[in-house]
Amino acid sequence: MHDQSTRRDFIALAGSAAVFAVTLRPAEATPASMAAAIRSVVGGEPVKTGKVKLDVPPLVENGNTVPMTVSVASPMAPEDHVKSIHVFNEKNPQPNMGNFYLGPQAGRAQVSTRIRLADSQKVVAIAKLSDGSFWSASVDVVVTLAACTDEVV
Amino acid sequence: MASALINVPAKAKRGEIIEIKTLMSHIMETGYRHTASGEAVPRDIITSFICRFNGSEIFRADLFPAISANPFMSFFTTVTESGKFEFEWVGDNGFAEKASAAISVE
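Residues numbered from 1 in each chain as written. Chains lettered and ligands numbered in written order. Predicted model: local features only at pLDDT ≥ 70, side-chain atom pairs only at ≥ 80, totals over all residues.

1. Digging into the pairing of strand β7 (residues 83–91) of chain B
Residue and element names in this part refer to chain B. Operational definition: When DSSP finds at least two bridges between two strands, those strands are taken to pair. Helical segments are the DSSP runs of H or I of at least four residues, strand segments are the runs of E of at least two, and each set is numbered from the N terminus.
Note: strand β4 (residues 46–53) against β7, seven bridges, orientation antiparallel. Its bridge partner being in β7, Arg-52 is matched across the sheet by Glu-86. Summarising the sheet, β7 and strand β8 (residues 96–105) pair through eight bridges and their orientation is antiparallel. Bridging from a neighbouring strand, Lys-84 pairs with Ala-102 of β8.

2. Quick notes on the interface of chain B and chain A
Just so we agree on the cut-off: Our contact criterion uses C-beta atoms placed from the backbone: two residues qualify when those atoms are within 7 Å. Note that Gly is not counted as nonpolar here; it falls among the polar residues with everything else outside the nonpolar set of Ala, Val, Leu, Ile, Met, Phe, Trp, Tyr, Cys and Pro and the charged set of Asp, Glu, Lys and Arg.
At the junction of the two partners, chain B supplies 27 residues and chain A supplies 30 residues. In terms of residues, the side of chain B that touches chain A owes the most to one element, strand β6 (residues 72–78) of chain B, which gives seven residues. When grouped by side-chain class, the residues that make up the side of chain B that touches chain A number 17 nonpolar, seven polar and three charged.

3. Description of unusual backbone geometry
All names here are of chain A. The line we're drawing: Buried means a residue has 20 or more other C-beta atoms within 10 Å of its own C-beta, exposed means 12 or fewer, and partly exposed covers the counts in between; C-beta atoms are placed from the backbone.
The phi torsion at Lys-51 lies on the positive side, around 65°, for a residue other than glycine. Along the chain, Lys-51 falls in the loop between β1 (47–49) and β2 (52–55). Backbone geometry at Met-76 places phi at a positive 50°, although glycine is not the residue there. For Met-76, a count of 21 C-beta atoms within 10 Å gives the class buried.

4. Considerations on the sheet that holds strand β7 (residues 110–115) of chain A
We count it as follows: Lines fitted to C-alpha atoms define the axes here, with helix axes fitted over just the stretch in contact, and angles between the N-to-C directions of these axes take values from 0 to 180 degrees.
The strand order across the open sheet formed by six strands is β2(A)-β4(A)-β7(A)-β6(B)-β3(B)-β1(B), and the pairing between neighbours is antiparallel. The open sheet has two free edges, formed respectively by β2 of chain A together with β1 (4–7) of chain B, since each of these has just one partner strand. Within this sheet the neighbouring strands show an average axis-to-axis angle of 15°, counted without direction. Here four bridges tie β1(B) to strand β3 (residues 17–24) of chain B, and the two strands are oriented antiparallel to one another. Each bridged residue has a counterpart across the sheet, and for Asn7(B) the counterpart in β3(B) is Lys21(B).

5. Notes on the environment of Ala125(A)
Residues and elements named next belong to chain A. Tracing the backbone through its elements, the reader meets Ala-125 in strand β8 (residues 121–129). On the basis of neighbour count, Ala-125 is assigned to the buried category, with 27 C-beta atoms found within 10 Å. With 36 residues separating them in the primary sequence, Ala-125 and Asn-89 have C-alpha atoms 8.9 Å apart. Among residues more than four places away in sequence, those in contact with Ala-125 are Val-52, Leu-54, Val-70, Ile-85, Val-87, Ser-136 and Ala-137.

6. Some details on the nonpolar core
All names here are of chain A. This is how it is decided: Nonpolar cores are identified as sets of buried Ala, Val, Leu, Ile, Met, Phe, Trp, Tyr and Cys residues joined via C-beta atoms within 7 Å.
Within the largest apolar cluster, 58 residues are counted, with the highest numbers of intra-cluster contacts made by Val-70, Ile-85, Leu-117, Ala-125 and Ala-127. For this core, the leading source of residues is β8, giving five residues. Setting aside chain neighbours within four positions, we find Leu-117 in contact with Val-60, Gly-63, Val-66, Asn-89, Asn-92, Val-141, Val-143, Ala-146 and Ala-147.

Following this line, the structure appears as structure tokens:
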């Protein structure tokens with residue numbers, strides 16, 4: 001009997017450890033260079049999903065100029081605002097796309113620009129809030145005509 | 001040669017949140033393309049953009065080759081007083097451009 005209870009304990013412990021490991025891992029596996037670029041921004045802090053809205057068309061004809069809007073649900077008050085927004089990609093030659101720094105005077109945490117996409121891939125936006133927490137959103141984009149990084153001029 | 005397009009409302013109410021749109025003409029050469037003879041085309045991009053209102057910074061961006069040619073930026077700010085927005089683009093090969101726009105707040 002004693003033997004059985006320890007085995008049960010072990011299984012319970014292993015189960016909770018597995019749950020813990022799953023929650024720590026990002027939602028999906030991402031290529032190493034993007035993960036490294038994200039790590040250089042967030043450090044060791046956990047990145048939660050939510051609050052951030054990343055608007056990129058899901059189907060893009062021309063990867064050379066893709067409209068992108070990132071907005072963050074935030075009151076933009078001095079005690080609770082978005083400090084910066086960072087955008088990353090998986091398959092362009094460089095994982096970084098842009099860093100945008102805002103302050104509470106912005107009133108609305110929203111930034112728009114136009115980006116290049118070298119391939120169909122995932123784009124990730126991460127927002128840093130004034131309390132030090134990080135929030136993210138990601139979008140999978142299908143590109144029919146890629147921004148030709150190896151194009152001959 | 002380089003020219004900027006700035007869109008800032010001329011008038012706003014005190015405390016209003018306004019949108020600012022900017023566009024700077026620039027090739028944003030990625031540095032990843034090459035010529036027919038195989039030589040790499042050197043990178044030539046705008047690396048940073050700053051917007052100040054009456055001297056204090058309200059928005060800043062680091063740009064990478066993944067930003068499209070003729071970089072477009074749109075962002076928001078709360079206006080509390082009349083004044084001047086100053087925009088500054090800095091990039092490779094000594095690229096530096098400035099522009100400004102005034103707003104009157106009632």
